[in-house]
Amino acid sequence: MSKTYILIPGRTSQQGVGINEGKFEATYQSEISVLQVALDDMEDLGLEADDFVRVTSEHGEIEIKVKSAKKGELPAGLLFIAYGDYSSRLMGADTHGSGMPTSKGIDVTMEKIAALSE
Amino acid sequence: MATVTTDASQQEPELKIVEDATCTFCGCVCDDIELTVKGHEITQAKRACVLGKAWFLNHSVDDRPSCLIKGQPASVEEGIERAAQILTQSRYPLMYGLSDTTTESQRVAVSIADWVGANVDTTTSVCHGPSGMAFQGVGEVTCSLGEVRNRGDLIIFWGANPAESHPRHFTRYSLMPKGMFVPNGRKDRTCVVIDVRKTKSANTADIFIQLKPRSDFEALWTLRALCAGVELEAEQVLADTGVELAVWQDLMDRMKGSRFGVFFFGMGLTMTRGKHTNTEALLALTRDMNQHTRFVCKPNRGHGNVTGADNVVAWRTGYPFGVNLTRGYPRFNPGEYTASDVLARGEADAAIIIASDPMANFSERAREHLKSIPYIAFDPKETPTTRNAEVAFTVATYGINVPGTVYRMDDIPIPLRPAFDCHHPSDLEILQAIEARVQEIRVQGFQSTEENTSLRPARELPDGSIAE
């Protein structure tokens, strides 16, 4: 059974720079297309930078490249991704009467995959 | 409008300096930027942060057509006509976005929504919408950023990461400035960052408190209890928040000992489970603290004029976001009339998206529905939203090509000083034309209907007559 993690999508300055350059340009696309994983979790899953993982939430599934978070930035069990198409695909539509989908603190599972699906 | 600096004579484009230009990328709305402008390009943006530089240096004139209909180039007039037809033929149009344009455009947009009986929502609903609900429920002890700059001696960031989202927040408003009552600037201030992640902002803090994920509400109520002098069980507090009771007690002692404490909070509170109840807890704590010292609470607003969107929609309809005008009068209900919900439930049958990108940021269900209905999009740049629009307008950029007013995150209106002209129309010009055309179509509709059975109230028409 896959281990459960908590995903925190958020802002990064590179993502902000990328928005200005254009959402179809390299800066934005590369910033939103990588998942940051805590060092302990990288070791636990035998992951190295640029490996691929499948991340699954109750609402969707993505395949994405990983990189190690800076030391101390993420505790084990917490994942980070810059806001964008990938994070939105894992987010549910229910806003619980608030207008705001639960966009941070999403329960996900993560498994290593050899390559992206066709 | 700023002076046009063309090089029609093949000469070098004119070089000019724009002083005190206003950056509209984030809610800090820094209005002290010095721009060097060469023709239709900004070559330097002095004093701008990394985001501000990217904003100014990457908004030269886009060479896409000013209007696309179903992906094909069209005249702006054709786009206006198609947009008016889509909106007037719709039974439940959605208007969404509005936070990256001027208050002048926002005002006209809400008029259009009123004419067509639309559901109006802004990006606030997926940003600080829950904070808006909390303000209504608890109230807001607030101040301007100028007061923070001159008085704040304990600055607490909760679920916010201004080092990446508002890079000049520290230097311009909250930490570094030497103020009237904090003459030594940073030395006179204590900075606390509370977050689940050790962000770049945490590196700036004197104290960093790393919360257990999704325990903001419990942590805030722990502080409320300590503020009221309630004794708590240390083990329970640690289990609930992931932080020792002694750490919270130390923080409360510092809060009570401060002369002017400030909470800045971000989407770590509003986007996490609990949402508006998290923010309500923070606002209530701020209120409690005023029994001991002066304390205020401010949301760190994201988009350049999202605060203006709240203000304009509130003065036009009485409510700040998530407003339904289909019955001819405004109704407010987050969760029902907010854009993400309206789309995810498949309700809207047409939409007008102004200066935002829901096709990148909304849930899959909401995006799928938006893709299935005709909609109009406005943006200076190509985005996933403009790519799927039935009518896509490429518009001049506010603050760079277009003058007007924006509201800083503390509700202070700031004028824009554009740098150069652009051949694309402003969204204001297009919205005004759509409003005029929508009015014409509505008037024709009223005149051709012998018996108007609409529930909408009678309206005064532009010629002074009453439509019944």
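**Here's the deal with the overall build of chain A**
Per the secondary structure count, chain A includes four helices and six strands. When the helices and strands of chain A are listed from N to C terminus, the series reads β-α-α-β-α-β-β-β-α-β. Relative to the 2.2 N^0.38 estimate, which gives 13 Å for 118 residues, the radius of gyration of chain A is 14 Å and therefore close to what a compact globule would have. Seen through its principal axes, chain A has C-alpha atoms that stretch 35 × 35 × 35 Å.

**Remarks on the overall build of chain B**
Tallying secondary structure elements over chain B gives 18 helices and 21 strands in all. A compact globule built from 468 residues should have a C-alpha radius of gyration of about 23 Å, and chain B, at 24 Å, falls within 12% of that. Overall, the C-alpha framework of chain B stretches about 70 × 65 × 40 Å when taken along its three principal axes. Scored against the burial criterion, the 468 residues of chain B give a buried share of 54%.

**Regarding the packing of helix H8 (residues 216–227) of chain B against helix H10 (residues 245–257) of chain B**
All names here are of chain B. In the contact formed by H8 and H10, the axes pass within 10 Å of each other and the chain directions differ by 60°. The orientation of H8 relative to H10 falls into the category oblique. The chirality of how H8 crosses H10 is right-handed. In contact with Thr-222, Leu-223, Leu-226 and Cys-227 of H8, H10 contributes Trp-248, Gln-249 and Met-252.

**Remarks on the packing of helix H2 (residues 76–89) of chain B against helix H18 (residues 427–448) of chain B**
Residue and element names in this part refer to chain B. Two elements in contact, H2 and H18, have axes separated by 9 Å at closest approach and are oriented at 50°. In terms of orientation, H2 and H18 fall into the oblique class. The two elements H2 and H18 cross, and the hand of that crossing is right-handed. Taking contact as the criterion, the partners of Val-76, Ile-80, Glu-81, Ala-83, Ala-84, Leu-87 and Thr-88 in H2 are, on H18, Ile-430, Ala-433, Ile-434, Arg-437, Val-438, Ile-441 and Arg-442. Of the residues contributing to the contact of H2 with H18, the split by class is ten nonpolar, one polar and three charged.

**Quick look at the sheet that holds strand E17 (residues 391–394) of chain B**
Residue and element names in this part refer to chain B. Judged by pairing direction, the sheet is mixed, and its nine strands sit side by side in the order E5-E4-E17-E16-E15-E6-E7-E13-E14 without closing on themselves. Two strands in the sheet have a free side with no partner beyond their single neighbour: strand E5 (72–73) and strand E14 (331–332). Here strand E6 (residues 93–97) pairs with strand E7 (residues 119–122) via four bridges, running parallel. Within E7, the residue paired with Leu-94 across the bridge is Asn-119.

**Structural notes on the domain arrangement of chain B**
If you check the domain split of chain B, you get domain 1 (67–126 + 304–394 + 426–467) and domain 2 (129–299). For domain 1 of chain B versus domain 2 of chain B, the separation of C-alpha centres amounts to 37 Å.

**Here we look at the interface of chain B and chain A**
Many descriptions give the size of an interface as the accessible area lost when the pieces come together. Each partner contributes to the interface: chain B provides 45 residues, whereas chain A provides 38 residues. Listing elements by their share of the side of chain B that touches chain A, those giving two or more residues are helix H1 (50–57), helix H4 (129–138), helix H6 (162–165), helix H11 (267–270), helix H14 (339–344), helix H15 (358–361) and helix H16 (364–372) of chain B. Looking at the side of chain B that touches chain A element by element, the count peaks at four residues for H1 of chain B.

**What about the confidence of the model for chain A?**
When pLDDT is averaged along chain A, the result is 94, and 98% of the positions lie at 70 or above. Considering each helix and strand of chain A separately, the mean pLDDT is smallest for helix H1 (residues 13–21) of chain A, with a value of 94, and largest for strand E2 (residues 34–37) of chain A, with 98.

**A look at the confidence of the model for chain B**
The share of residues in chain B with pLDDT of 70 or more is 94%, and the mean pLDDT across the chain is 93. Residue range residues 1–8 of chain B is modelled with pLDDT below 50. Its contacts to residues more than four positions away, or to other chains, number 16 contacts.

**With respect to unusual backbone geometry**
Residue and element names in this part refer to chain B. Unusually for a residue other than glycine, Arg-214 sits at a positive phi of about 65°. Its identity as a non-glycine residue notwithstanding, Lys-275 has a phi of 45°, on the positive side. Along the polypeptide, Lys-275 turns up in the loop between H11 and helix H12 (276–289). Judged by local crowding, Lys-275 falls into the buried class, with 28 C-beta atoms found within 10 Å.

**Remarks on the sheet that holds strand E2 (residues 33–38) of chain B**
Residue and element names in this part refer to chain B. Across the sheet, which stays open at both edges, the three strands sit in the order E1-E2-E3 with antiparallel pairing between neighbours. Each edge of the open sheet carries a strand with a single partner, namely strand E1 (15–21) and strand E3 (41–46). The mean angle between the axes of side-by-side strands here comes to 25°, regardless of whether they run parallel or antiparallel. Pairing of E1 with E2 involves five bridges; the strand directions are antiparallel. Within E2, the residue paired with Lys-16 across the bridge is Val-37. Lying on the sheet, H1 is in contact with E2 and E3; it crosses E3 at an angle near 160°.

**Some details on H16 of chain B**
Burial in H16 of chain B covers these residues: Arg-365, Ala-366, Arg-367, His-369 and Leu-370 of chain B. Tucked into the core, H16 of chain B has its buried residues touching H14, strand E15 (350–354), H15 and strand E16 (375–379) of chain B.

**Brief notes about the pairing of E3 of chain B**
Residue and element names in this part refer to chain B. By the bridge criterion, five bridges tie E2 to E3 in an arrangement that is antiparallel. The residue bridging Glu-34 from the neighbouring strand is Lys-46, located in E3. The loop that links E2 with its antiparallel partner E3 comprises two residues; one of these, Gly-39, has a positive phi angle of about 60°.

**As for the environment of Val-50 of chain B**
Summarising the element assignment, Val-50 of chain B is placed in helix H1. The exposure class assigned to Val-50 of chain B is partly exposed, which follows from the 14 C-beta atoms found within 10 Å. Residues Val-50 of chain B and Glu-147 of chain B, 97 residues apart in the sequence, show an inter-C-alpha distance of 26 Å. Non-local contacts of Val-50 of chain B, meaning those with residues more than four positions away in its chain, are made with Ser-13 and Val-17 of chain A together with Pro-167 of chain B.

**A word on the environment of Asp-379 of chain B**
All names here are of chain B. One can find Asp-379 in strand E16. For the pair Asp-379 and Ser-363, spaced 16 residues apart in the sequence, the C-alpha separation amounts to 21 Å. With residues up to four places along the chain from it excluded, the contact list for Asp-379 reads Ala-355, Thr-385, Thr-386 and Val-395.

**Let's talk about the environment of Ile-64 of chain A**
All names here are of chain A. When you line up the elements, Ile-64 lands in strand E4 (residues 61–68). The exposure class assigned to Ile-64 is partly exposed, which follows from the 19 C-beta atoms found within 10 Å. In sequence terms Ile-64 and Pro-101 are 37 residues apart; their C-alpha atoms lie 22 Å from each other. Residue contacts for Ile-64: discarding those within four places in its chain leaves Ser-33, Val-34, Leu-35, Phe-52, Val-53, Val-55 and Tyr-86.

Thresholds, definitions, all that
Residues numbered from 1 in each chain as written. Chains lettered and ligands numbered in written order. Predicted model: local features only at pLDDT ≥ 70, side-chain atom pairs only at ≥ 80, totals over all residues. Helix = DSSP H or I, 4+ residues; strand = E, 2+ residues; numbered from the N terminus. Rg over C-alpha atoms; globule rule 2.2 N^0.38 Å. Buried ≥ 20, exposed ≤ 12 C-beta atoms within 10 Å, placed from the backbone. Axes fitted to C-alpha atoms, helices over the stretch in contact; angles between N-to-C directions. Parallel < 35°, antiparallel > 145°, perpendicular 65-115°, else oblique. Left-handed = near helix turned anticlockwise from the far one by under 90°. Contact = placed C-beta atoms within 7 Å. Nonpolar A, V, L, I, M, F, W, Y, C, P; charged D, E, K, R; others polar. Pairing = 2+ DSSP bridges. Domains from an automatic or database assignment. pLDDT = per-residue confidence, 0-100.

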